[in-house]
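Each chain is listed here by its residues.
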Amino acid sequence: MINLDEIKKIVHQAKNETLEEQDILIYTLHKIQDKIPNNFIPEEAAEVVSQELKIPLSKVYEVLTFYTMFSTKQRGKYVIRVCTSLPCHVVNGREIIQAIKDELKIDFGQTTEDGLFTLEETGCLGLCGVSPVIMINQEYYGDLTPEKVRNILRKIKGGAKI
Ligand code: FES
């Protein structure tokens with residue numbers, strides 16, 4: 001259940017930050033998405049943001065659909081973003097992707113049946129020096145091997161907090 005009062009509170013806090021209009025919107029959407037267990041921005045939340053920031057709803061959706069870190073559809077508790085840009089791809093990137101898909105039995109754009117993981121592709125995460133790189137929610141993992149990535153996923157499945 002989404003608490004719309006809490007969303008209003010987040011928007012008001014964001015307004016007090018010294019940020020440009022576009023940055024306030026992005027900051028607000030990040031904060032809201034972090035609060036929602038399924039890692040997405042529901043329609044009701046987007047409407048509150050639009051009203052409270054006095055920004056057209058179409059503009060809110062423009063941002064939501066432009067940035068891949070946002071989603072308007074429910075996702076898993078943990079969103080795994082795999083960098084598929086060339087520097088990561090050439091150093092074991094393909095093997096990492098296969099290890100994740102085999103371990104979780106899902107493909108890109110899918111969520112595991114238990115609602116724990118969603119798998120997504122992303123462009124360069126800016127950490128090419130430690131490629132291959134993935135992100136799980138806000139955490140980065142670099143220098144990965146198939147074994148390392150399987151261990152990370154198994155720890156999370158076992159209840160480890162990240
Ligand atoms: S190419 Fe993967 S982090 Fe830069």
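Report follows, based on the coordinates. (Residues numbered from 1 in each chain as written. Predicted model: local features only at pLDDT ≥ 70, side-chain atom pairs only at ≥ 80, totals over all residues.)

**With respect to the overall build of the chain**
So, point 1. Helix and strand counts for the chain come out as six helices and four strands.
So, point 2. What you see in the chain, going N to C, is helices and strands ordered as α-α-α-α-β-α-β-β-β-α.
So, point 3. With the principal axes as the frame, the chain shows a C-alpha extent of 50 × 30 × 25 Å.
So, point 4. Looking at the chain as a whole, 26% of its 162 residues are labelled buried.
So, point 5. Here the analysis covers contacts within the chain between residues at least 6 apart in sequence; of these, 61% occur between residues at least 24 apart. (Helix = DSSP H or I, 4+ residues; strand = E, 2+ residues; numbered from the N terminus. Buried ≥ 20, exposed ≤ 12 C-beta atoms within 10 Å, placed from the backbone. Contact = placed C-beta atoms within 7 Å.)

**Describing the sheet that holds strand β1 (residues 78–83)**
So, point 1. The strand order across the open sheet formed by four strands is β2-β1-β3-β4, and the pairing between neighbours is mixed. Each edge of the sheet is formed by a strand with only one pairing partner; in this case those strands are β2 (117–122) and β4 (139–141). Mean inter-strand twist for the sheet, computed between neighbouring axes without regard to direction, equals 25°.
So, point 2. Direction of pairing for β1 relative to β2: parallel, over a ladder of six bridges. What sits directly across from R81, in β2, is E120.
So, point 3. Lying on the sheet, helix α5 (residues 86–104) is in contact with β1, β2 and β3 (134–136); it crosses β1 at an angle near 150°. (Pairing = 2+ DSSP bridges. Axes fitted to C-alpha atoms, helices over the stretch in contact; angles between N-to-C directions.)

**Some words on the environment of R94**
So, point 1. One can find R94 in helix α5.
So, point 2. A count of 13 C-beta atoms within 10 Å places R94 in the partly exposed class.
So, point 3. Separated by ten residues in sequence, R94 and T84 have C-alpha atoms that sit 8.4 Å apart.

**Some details on the pairing of β1**
So, point 1. Most of β1 is tucked away: six of the six residues are buried.
So, point 2. Taken together, β1, α5 and β2 form a β-α-β motif whose crossover is right-handed.
So, point 3. For β1 and β3, the ladder comprises three bridges, and the chain directions are antiparallel. By the bridge assignment for β3, V82 is matched with I134. (Right-handed = clockwise from strand over helix to strand, strands pointing away.)

**Here's the deal with the packing of helix α3 (residues 43–53) against helix α4 (residues 57–66)**
So, point 1. The interhelical angle for the contact between α3 and α4, taken along N-to-C directions, is 125°, at an axis separation of 9 Å. When the axis of α3 is compared with that of α4, the two are oblique. The interaxial crossing formed by α3 with α4 has right-handed handedness. Within the contact between the two elements, α3 uses A46, E47, V49 and S50 and α4 uses L57, V60, Y61 and L64. (Parallel < 35°, antiparallel > 145°, perpendicular 65-115°, else oblique. Left-handed = near helix turned anticlockwise from the far one by under 90°.)

**Looking at unusual backbone geometry**
So, point 1. The residue after S131, namely P132, is reached through a cis peptide bond having omega 0°.
So, point 2. Looking at the secondary structure, you find P132 in the loop between β2 and β3.

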